Amino acid sequence: MTDVVTTLRERTRPGRGAATAGPRPGRSRRGGTRALRPWLLLAPALLVMGGLLLYPLVRVVAISLQDFGLRQLVSGRTNWVGLDNYVELLGNADLWRTVLPNTVVFAVVAVALTVVVGTLVALLLVRLQPVTRGIVTTAIMLAWAIPAVTGTYVWVFLFSPGDGLAVQALDALGLADAATANPFASRVSFYGVATLNVVHHGFPFVALTVLAGLLTVPQEITEAAIVDGAGAWRRFWSVTFPMLRPVFAVVTVLSTIWDFKVFTQIYLMPGGDGVNRGVLNLGTWSYVESFAQNRYGLGAAIAVLLTVLLLLITVAYLRLLFKEDEL
Amino acid sequence: MTPPAAPTEFRKATFRPSPGRKVAFLNPRDHRRSLGSRALLGLGVGVVLVFTLFPVWLMVSTAFNGRANAGSRSLWPEDWTLDNFAFVIGEGGFGRYLTNSLLVALGTVLAGALLALLAAVAVARFRFRFRTSVLVMILIIQMVPVEALVIPLFIQARSLGVLDSLVGLVVVYLAFSLPFAIWTLRGFVASVPVELEEAAYLDGASWGRMFWSVLLPLVAPGLVATSVFSFITAWNEFIFALTFMADQDNYTVAVGLRRFFGQYGTDWGALMAGSTLITIPVMVFFVIAQKRLTDGLVAGAVKG
Amino acid sequence: MNGLLCRARRKGNHMWSTSRGARRTAATLLAVSALAVAGCGGPGAGEAGGSGDSGGDRALTVWIMEGTNPDARPFFDELSTAFRNQTGATLDVQFVSWASAHDKFVTSIAGGTTPDVAEVGTTWTGEFGEAGALADLAPRVQEAGLANGLVTGLTEAGTVGDALYGMPWYAGVRSIVYRTDVFAEAGVTPPTTWEELAAAGEKIKAARPDLIPFPIAGDNEYGVYPFVWGAGGEIAAQNGGTWTSTLDSPQARQGIQFYADLALKHGLSTPAAATWKETDLQDSFSKGQSAMIISGSWTPKAILEAAPDLQGKIGAFPIPGPTGGLSPSFLGGSHLSIFEGSPNQDLAWQLVQLMSTGDFAAKWGSESSFFPGTTALLQQAAQSSDPLVAPFAKQMVDAGRSVPVTPLYGQVQGKKTIPAMMSAILGGTPVDQATSTAVAEMNQIFAGGA
């Protein structure tokens, strides 16, 4: 099947061809329905996405401009307060001292680690024999397949204070005192565990994508570089990396988006559901304000802030995609 | 959305595929490797295997460990038993949660495949006004953090009366999985040569007939890939399942697990047994779909 | 035919397996043949219902807090049988963990997905009642002639204005549970002052270094209050119509400082406890890892259940005052509330009455080691000579206190202000700073009403 597709792709190149081919000879007979047909086909999907993604996006902005609590929810009345929620949000020291740093620093660190680990694994995979590569790839797939919920519980289990295996191991290495260490109490170690969890869950995507890219680097180029006497380190930076720059850019941006809005992995860790105020990030804060405090207005404002930050990253993503080609 | 639901669209990459050409690295024996570098490779493989599999192993071994609740923390079950599983499914009510999750995931997959395929055909096969706008919208919408939509969707679901119902979750998950499914299927549809369609028309087939007997079989692999992603999206989702469901008879597995954080400490044996039950279907899917997923990545990464 | 239907209904009625579908089946069968239902023993469906029950869906969803009664299932099996016999309606009992309960209630109230009847913690009743989620039970209590027989502290906590939003069900109080064998080994007796408490801990630390003498759990606000109150402080004071937090008063700070110092200065705790919940204390105690814990009157039984080898080795003493007497401890408990969203409020009230008075209330009290919510039953319990009951009864009668009776306090608890403060202090934040932060946060809630 893949072969067929590949061959077909060859024949239908340039890629645009398939799309332009839509209207065919003979269509003029029923021009009206022809013009309608794509919209008919699109309608159900557009309705679902419009109703459940676009409209709520507008709605969340609207809610962020209201004092929206239980009373408003039950009565359906609206109480517009302008930018009050944003004023409160931006004037909140916790945002600048705790929540934003948690969100941003965690995302930067987790993304850097994810991409580096993923790339290293890809570079390892590409050098392996097919059988070994198959085994390692399967193992990586297994890591990728662990749902965020269960993955988080395993890491929590591993680091549970006192008797967690990781805590015991650190104790044996003299790096921590098992009797006193609580990895979830301090912000740094809390996010350290979260980073491990997120990197473990996220690197397979990077590894397999980069591997896919590596496999397209023509052998001649690598051989030429070897002939020129370039070492592995230089070969990577002067040949591989420039050729795969778009791949790296995309995995980085996507990982950034995912790590920015990470919720489940934080919420399910001890103290992550709002008890430990020091470890809130934008996602969990928005949720706690809304569903534990009934302050949907403020929660929505936090959600909007998160969305805006993500949109900025998305713009970067789109520019990468659109720079060299068109849709 | 989770990493599996990754839009792997790197078609703008500078490199081009070279199917006929030999590709570097494929055969390591081409470069005679020294013993040292092979040992290094072996070490690398070992490290990767341990890092990736250790949590999986710990989960499974704890699930089988009869003494996990008595404070046993070991890499190997001290007392092999199925008790944890029996407890989870029986008293823990997990059978119910598994059924709920399965219903939700299947609903999402079926509805998603149908809607996405129709939409993908529209954007891949037709030239129409605003086509590019629709595509850009799908791409952007994919980036909307669903975490930010909990509040409005909760309120919408409330007024529609679908809170605390599996249908509500299906609709929400459908919306989440559609953009990616459309975007991916679009590539598969586009790669089916128009000539094949035209041949069908020449044989007198209607558009509908062509769709069913030419297009559909050829994009089936794409449907498998997107279905796997939709399934996983629905199966793994936590925040909406947590927020929408009040009656525990309606819990999905991801939320049902929280029950084992009990009044008297965490029941780790049960928690890990439940986790294992949740994780296995996803792993099976990943491994079955592995070829497709990696092909998809390659196709995505190098498609011209 | 009749017998078949009866069996089918019984089957559908078994509450642990009752799904919505099964309940619907039961309801359909009911609608099909009222005769058959009447034939199943007990009064027929028609008798019990008021106007709200005409829908035919004769099943009540009930949320009960998990863990109050170590093995609640036989109790609820029996209750649902009795209830079915009395009214013909079935019960779907669901257990909710305390840790996630407040958020779950708030979300379900917001979403309109509330159950018919729920056990509601006394500190939340006002909050949910004021939000319009709970039915006012005052007229029904009046009508049933129960108004004068309820424990005052509990009715107060459930009253907002003239409305009573919760029927007192049970109450409990926290004191200190300790290991008698460890005390004997270390040569200490139950302390009667704060100084003795610290000294006892130090001695235990010396005698049994493998034990945590007195773990201080960060995420356990009820451990903090006795020391605030004991030192003469208050959580908040009402001035006119508004509340102001007084946790930054010198007395309150002194009490909190002493409590934190048990961990920080005397080393009686473990840093791991900074994120512990109350349940982790019990967990550590029943694993034999700690010597004393602040624990509720209802816990000794559960602890013994979890750790039978501790039988005969545990005792309890009231929380001492700084220089004698007792430190007040939070008198908390649960109400049974009926949700406004329930279409079966009359039926629900029958259930509430069945659970909170008479045999079932007494049975629940003795099984869970809680004190019942009616005065008659409480007096009976207070006479007990049981060493694991008497100290708690003393604490409850002599030194039981309530947190500020305002729905806003439920929000403070929902925001986990006190646990956040306590874990900060245990993590090294100075008491002055942490209390000021907590006071600011509480005052913001008190002021904003949101």
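Residues numbered from 1 in each chain as written. Chains lettered and ligands numbered in written order. Predicted model: local features only at pLDDT ≥ 70, side-chain atom pairs only at ≥ 80, totals over all residues. Heavy atoms only, no water.

### A short note on the overall build of chain C
Part 1: From N to C terminus, chain C includes 22 helices and 13 strands.
Part 2: Within the span of chain C, comprising 450 residues, buried residues form 60% of the whole.
Part 3: In chain C, the proportion of contacts linking residues at least 24 apart, taken out of those at least 6 apart, comes to 79%.
Part 4: Accessible area for chain C stands at about 16,100 Å²; split by element, carbon and sulfur atoms hold 52% of it. (Helix = DSSP H or I, 4+ residues; strand = E, 2+ residues; numbered from the N terminus. Buried < 20%, exposed > 50% of the residue type's maximum accessible area, 1.4 Å probe, protein only. Contact = heavy atoms within 4.5 Å. Areas by Shrake-Rupley, 256 points an atom, 1.4 Å probe, with all protein chains shown as cover.)

### A look at the overall build of chain A
Part 1: Tallying secondary structure elements over chain A gives 16 helices and zero strands in all.
Part 2: Scored against the burial criterion, the 327 residues of chain A give a buried share of 56%.
Part 3: In the form shown here, chain A has an accessible surface area of approximately 13,000 Å², with 67% of it arising from carbon and sulfur atoms.

### Re the interface of chain C and chain A
Part 1: The interface is formed by 23 residues belonging to chain C together with 22 residues belonging to chain A.
Part 2: Taken over both partners, the interface formed by chain C and chain A buries close to 1,800 Å², and the fraction arising from carbon and sulfur atoms is 50%.
Part 3: By the criterion of area lost to chain A, the three top residues of chain C are C:A110, C:T275 and C:K415, representing 24% of everything that side buries.
Part 4: In this structure, the connection of chain C to chain A is made through two salt bridges.
Part 5: Inspection of the chain C/chain A interface yields six residue pairs in polar contact (both at pLDDT 80 or more).
Part 6: Among the elements of the structure, α6 (98-111), α20 (407-414), α21 (417-426) and α22 (431-448) of chain C are those that each provide at least two residues to the side of chain C that touches chain A.
Part 7: Its residues assigned to classes, the side of chain C that touches chain A comprises nine nonpolar, eight polar and six charged. (Buried area = accessible area lost by both parts, 1.4 Å probe. Salt bridge = Lys/Arg side-chain N within 4 Å of Asp/Glu carboxyl O. Polar contact = N/O pair within 3.5 Å; in protein donor to acceptor, adjacent residues only side chain to side chain. Nonpolar A, V, L, I, M, F, W, Y, C, P; charged D, E, K, R; others polar.)

### Thoughts on the pattern of salt bridges
Residues and elements named next belong to chain C.
Part 1: All chains considered together, the criterion is met by 16 salt bridges over all chains.
Part 2: A salt bridge links R140 to D346, with the nearest nitrogen and oxygen atoms 2.9 Å apart. Of this pair, R140 sits in helix α8 (residues 138-143) while D346 sits in helix α16 (residues 345-356); the two residues are 206 residues apart in sequence, bridging distant segments of the chain.
Part 3: Between E185 and R208 there is a salt bridge whose closest N-O contact spans 3.1 Å.

### Points about the environment of C:P213
All names here are of chain C.
Part 1: Mapping P213 onto the fold places it in the loop between α11 (194-207) and α12 (221-230).
Part 2: C-alpha of P213 to C-alpha of G201: the two residues are 12 residues apart in sequence and 5.3 Å apart in space.
Part 3: Setting aside its immediate chain neighbours within four residues, P213 contacts G201, I204, K205, L268, A291 and M292.

### Section: the pairing of strand β11 (residues 329-338) of chain C
All names here are of chain C.
Part 1: With 10 of 10 residues buried, β11 lies mostly within the body of the structure.
Part 2: Bridge analysis of strand β3 (residues 117-121) against β11 gives five bridges, and the strand direction is antiparallel. What sits directly across from V117, in β11, is I338.
Part 3: Here six bridges tie strand β6 (residues 167-179) to β11, and the two strands are oriented antiparallel to one another. Counted as the bridge partner of M167 is L336 from β11.
Part 4: Two elements, β11 and strand β13 (residues 400-401), share two bridges in a ladder whose sense is parallel. By the bridge assignment for β13, F330 is matched with R401. (Pairing = 2+ DSSP bridges.)

### Focus: the confidence of the model for chain A
Part 1: In this model, chain A carries a mean pLDDT of 83, and residues with pLDDT of at least 70 account for 87%.
Part 2: Low pLDDT, under 50, characterises residues 1-30 of chain A; the predicted model gives this stretch 40 contacts beyond four residues in sequence or across chains. (pLDDT = per-residue confidence, 0-100.)

### Some remarks on the side chain of C:T435
Part 1: When you line up the elements, C:T435 lands in helix α22.
Part 2: A relative accessible area of 0% places C:T435 in the buried class.

### Some details on the domain arrangement of chain C
Residues and elements named next belong to chain C.
Part 1: Split into domains, chain C comes out as domain 1 (2-172 + 332-382) and domain 2 (174-330 + 406-448).
Part 2: Every contact between the two is made by 19 residues of domain 1 and, on the other side, 14 residues of domain 2.
Part 3: Buried area between domain 1 and domain 2, both sides added, is near 1,300 Å², and the carbon and sulfur share of it is 60%.
Part 4: Between domain 1 and domain 2 we count zero salt bridges in total. (Domains from an automatic or database assignment.)

### Some details on helix α7 (residues 122-130) of chain C
Residues and elements named next belong to chain C.
Part 1: In terms of burial, α7 is largely enclosed, as eight of its nine residues are buried.
Part 2: Within α7, burial applies to T122, T123, W124, T125, G126, E127, F128 and G129.
Part 3: Looking one or two residues past α7, G132 carries a phi angle of roughly 85°, positive in sign.

### A word on the packing of aromatic side chains
Part 1: By the definition in use, this model includes 64 aromatic pairs over all chains.
Part 2: Both rings, one in A:F263 and one in A:Y267, keep their centres 5.1 Å apart while their planes meet at 15°; by these two values the pair is stacked.
Part 3: Note on A:F263: relative accessible area 1%, which makes it buried.
Part 4: Residue class for A:Y267 comes out buried when judged on its relative accessible area of 5%.
Part 5: Considering the side-chain rings of C:Y222 and C:Y225, the 5.8 Å spacing of their centres and the 75° angle between planes classify their relative orientation as edge-to-face. Residue C:Y222 and its partner C:Y225 are located together in helix α12, separated by three residues, close to a single helical turn. (Phe/Tyr/Trp six-rings, centres within 6.5 Å; stacked < 30°, edge-to-face > 60°.)

### Focus: a nonpolar patch on the surface
Part 1: On the surface, A:L36, A:W39, A:L40 and B:F130 cluster together into a nonpolar patch covering about 420 Å² of accessible area.
Part 2: Mapped onto the elements, A:L40 comes out in helix α3 (residues 31-64).
Part 3: Judged by relative accessible area, A:L40 falls into the exposed class, the value being 59%. (Patch = residues over 30% accessible without salt bridge, like charges linked within 9 Å, V, L, I, M, F, W, Y side chains within 5 Å.)

### Comments concerning the pairing of strand β2 (residues 90-96) of chain C
Residues and elements named next belong to chain C.
Part 1: Counting buried positions along β2 gives seven out of seven residues, so the element sits mostly inside the fold.
Part 2: Direction of pairing for strand β1 (residues 59-65) relative to β2: parallel, over a ladder of seven bridges. Among the inter-strand pairings, M65 is bridged to a residue of β2, identified as V96.

### Some remarks on helix α13 (residues 250-264) of chain C
Residues and elements named next belong to chain C.
Part 1: With 15 residues, α13 should cover 21 Å at 1.5 Å per step; its first-to-last C-alpha distance of 19 Å lies within 8% of that length.
Part 2: Within α13 the residues assigned to the buried category are A252, R253, G255, I256, F258, Y259, A260, D261, L262 and A263.
Part 3: For α13, the secondary structure elements touched by its buried residues are α11, α12, β9 (292-296), α21 and α22. (Expected span 1.5 Å × (residues − 1).)

### Describing the confidence of the model for chain C
All names here are of chain C.
Part 1: On average, residues of chain C score 82 in pLDDT, and 87% of them are at 70 or above.
Part 2: The lowest-confidence element of chain C is helix α3 (residues 34-38), averaging 32 in pLDDT; the highest-confidence one is α13, averaging 95.
Part 3: Counting interchain partners and residues more than four positions distant, the pLDDT-below-50 stretch residues 1-56 has 86 contacts.
Part 4: Confidence metrics for the complex model read pTM 0.77 and ipTM 0.82.

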